[in-house]
Amino acid sequence: RKEALDMHSVEVDSPPHVKTAANLFKMITYNNKDRLLASIICAGWDEKKGGQVYSIPLGGSIVRQPFAIGGSGSTYIFGHCDASYKEGMDQKECEAFVSKAISHAMSRDGSSGGVIRMAIITKDGVERKYIPGDKLPFMKDD
């Protein structure tokens, strides 16, 4: 919960680390494992470790990964992500990787939305991007 992270920030007199937020999600997930139906992806940037992505599956474990995917459309994009992800991508390459993966998932999964709402998290803050359905970069557009 945001309140818990805000309180932690006051106690330690600095913004919370990404792993602290991920651990909070882990505790929430584990304590509610009989009521939750989805895993969590927690990502962000902090001065200690830079950009980080944590996957928190239903059982309440925590796994740091280079990238994470989840949701009903994720089964359609494992191959794309494995083939297209490369270490050290710049921001523009990351945005293209993410938008292409989400577009492909949405094109195959009837339960996935029709637009992309992306949050780019850097040391400078959060930038939000919106890609409408008629501008999605589908795989066939390569």
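Above this text sits the structure in question.
Residues numbered from 1 in each chain as written. Predicted model: local features only at pLDDT ≥ 70, side-chain atom pairs only at ≥ 80, totals over all residues. Heavy atoms only, no water.

Caption draft 1: Examining the pairing of strand 2 (residues 50-56) more closely. Summarising burial for strand 2: six of the seven residues are buried, a large majority. Hairpin connection, strand 1 (residues 40-46) to strand 2: the antiparallel pair is bridged by three residues. Bridge count between strand 2 and strand 3 (residues 63-65): three bridges; the pairing is antiparallel. Within strand 3, the residue paired with Ser55 across the bridge is Val63. The turn linking strand 2 back onto strand 3 is made up of six residues, and Gly60 within it adopts a positive phi angle of 95°. (Buried < 20%, exposed > 50% of the residue type's maximum accessible area, 1.4 Å probe, protein only. Helix = DSSP H or I, 4+ residues; strand = E, 2+ residues; numbered from the N terminus. Pairing = 2+ DSSP bridges.)

Caption draft 2: Representation of the sheet that holds strand 2. Taken in spatial order, the three strands make up an open sheet running 1-2-3, and their pairing is antiparallel. In this open sheet, the two strands that pair with only one neighbour each are strand 1 and strand 3. Strand-to-strand twist across the sheet, computed as the mean angle between neighbouring axes with direction ignored, equals 30°. On the sheet, helix 2 (residues 18-31) packs against strand 1 and strand 2 and is oriented at approximately 160° with respect to strand 1. (Axes fitted to C-alpha atoms, helices over the stretch in contact; angles between N-to-C directions. Contact = heavy atoms within 4.5 Å.)

Caption draft 3: Structural context of unusual backbone geometry. Its identity as a non-glycine residue notwithstanding, Asp13 has a phi of 60°, on the positive side. Structurally, Asp13 is set in the loop between helix 1 (2-12) and helix 2. Overall, the relative accessible area of 70% leaves Asp13 in the exposed class.

Caption draft 4: Representation of the packing of aromatic side chains. For the structure on display, the rule yields three aromatic pairs. Relative to Phe97, the ring of Phe67 lies with its centre 5.7 Å away and its plane at 75°, an arrangement referred to as edge-to-face. Here Phe67, found in the loop between strand 3 and helix 3 (78-84), pairs with Phe97, found in helix 4 (residues 91-108); they are 30 residues apart in sequence, far enough to count as distant. In this structure an aromatic cluster arises from ring pairing among Phe67, Tyr85 and Phe97. (Phe/Tyr/Trp six-rings, centres within 6.5 Å; stacked < 30°, edge-to-face > 60°.)

Caption draft 5: Focus on a positive patch on the surface. There is a patch of like positive charges on the surface, built from Lys19, Lys48, Lys49 and Arg64. Among the secondary structure elements, Lys49 is positioned in the loop between strand 1 and strand 2. (Patch = residues over 30% accessible without salt bridge, like charges linked within 9 Å, V, L, I, M, F, W, Y side chains within 5 Å. Areas by Shrake-Rupley, 256 points an atom, 1.4 Å probe, with all protein chains shown as cover. Salt bridge = Lys/Arg side-chain N within 4 Å of Asp/Glu carboxyl O. Lys, Arg positive; Asp, Glu negative; His and termini not counted. Charge placed at Lys NZ, Arg CZ, Asp CG, Glu CD.)

Caption draft 6: Local environment of helix 2. The first and last C-alpha atoms of helix 2 sit 20 Å apart over 14 residues, in line with the 20 Å expected at 1.5 Å per residue. Within the sequence span of helix 2, burial applies to Val18, Ala21, Ala22, Leu24 and Thr29. Projected onto a plane normal to the axis of helix 2, the buried residues spread over an arc of 155° and lie on a single side. If you follow the buried residues of helix 2, they end up packed against helix 1, strand 1 and strand 2. (Expected span 1.5 Å × (residues − 1). Arc of directions from axis to C-beta.)

Caption draft 7: Representation of the state of the cysteines within the structure. This structure, assessed with the given rule, holds zero disulfides. The closest cysteine sulfur to the non-disulfide-bonded Cys42 is located on Cys94, 17 Å from its own sulfur. Looking at Cys42, the relative accessible area reads 6%, which means it is buried. Between Cys81, a cysteine without a disulfide, and Cys94, which holds the nearest cysteine sulfur, the sulfur-to-sulfur distance is 12 Å. Judged by relative accessible area, Cys81 falls into the buried class, the value being 1%. (Disulfide = S-S within 2.5 Å.)

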